[in-house]
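Examining the three-dimensional arrangement
Okay, here's what each chain looks like letter by letter:
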Amino acid sequence: MAGGSRSVKFTVKPKSYPLVKFYYRVENENENDLFETEVTFPQEFWLNLAGMCKEVASSMGVFSSQKIMSGLNLMSQTILAEIEAESRRLKYKGEYESLADFVFEISSRTDIDRVRIGQLIHEKANKLRLHP
C-alpha cells in the first residue's frame, strides 16, 4: 500500500488584491483531486509583501538579474497602487453610486440628445468632484 502525496500552491498576483488563489492537490493510488479557491488576505499581508519585495530587490547584488530586481520592484509598486486604488474606491463609493444612478436615469431619457446627456454627466461628475 503506497502513501499519498499532497501539495499546496498559491498564486499571488498584485492586480488581484486582496485575493490570493490557493491550489491543493491530493495524489494517491485511487484519486488525483485538485481543489482550488480564492482567499482574501488582509491589507497588512499585502503591505508586508510589498515591503519584502522592495527589500529583497534592493539587497540583491550587482551581479544579480536586473529582470528579477525590476520584477520585484514592479510587484511592490503594483501592490501599493492596488491598495491605494481600493482605498480611493471605498472613500468615494457613495459618490460613484450617485453618479451611476444619475447616468442610468439621464441616459434613458429620449427628450435629450446625446451631446447634452454627455454634458450633464460631465457637470454631475464635476459637481461630485470625481477626477481621475
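A cluster of nonpolar side chains, contributed by Val-8, Tyr-24 and Phe-35, occupies part of the molecular surface with about 300 Å² of accessible area. Position of Tyr-24 relative to the elements: it lies in strand 2 (residues 19-27).

A word on the pattern of salt bridges. In this structure the tally under the stated criterion is five salt bridges. We note a salt bridge from Lys-15 to Glu-82, for which the minimum N-O separation is 3.6 Å. Of this pair, Lys-15 sits in the loop between strand 1 (5-11) and strand 2 while Glu-82 sits in helix 2 (residues 66-91), and the two are 67 residues apart along the sequence. Glu-82 gets classed as buried once you look at its relative accessible area, which sits at 14%. Between Glu-36 and Lys-21 there is a salt bridge whose closest N-O contact spans 3.4 Å. Of this pair, Glu-36 sits in strand 3 (residues 32-40) while Lys-21 sits in strand 2, and the two are 15 residues apart along the sequence. Among the residues examined, Lys-21 registers a relative accessible area of 28% and is labelled partly exposed.

What counts, and where the lines are drawn
Residues numbered from 1 in each chain as written. Predicted model: local features only at pLDDT ≥ 70, side-chain atom pairs only at ≥ 80, totals over all residues. Heavy atoms only, no water. Patch = residues over 30% accessible without salt bridge, like charges linked within 9 Å, V, L, I, M, F, W, Y side chains within 5 Å. Areas by Shrake-Rupley, 256 points an atom, 1.4 Å probe, with all protein chains shown as cover. Salt bridge = Lys/Arg side-chain N within 4 Å of Asp/Glu carboxyl O. Helix = DSSP H or I, 4+ residues; strand = E, 2+ residues; numbered from the N terminus. Buried < 20%, exposed > 50% of the residue type's maximum accessible area, 1.4 Å probe, protein only.

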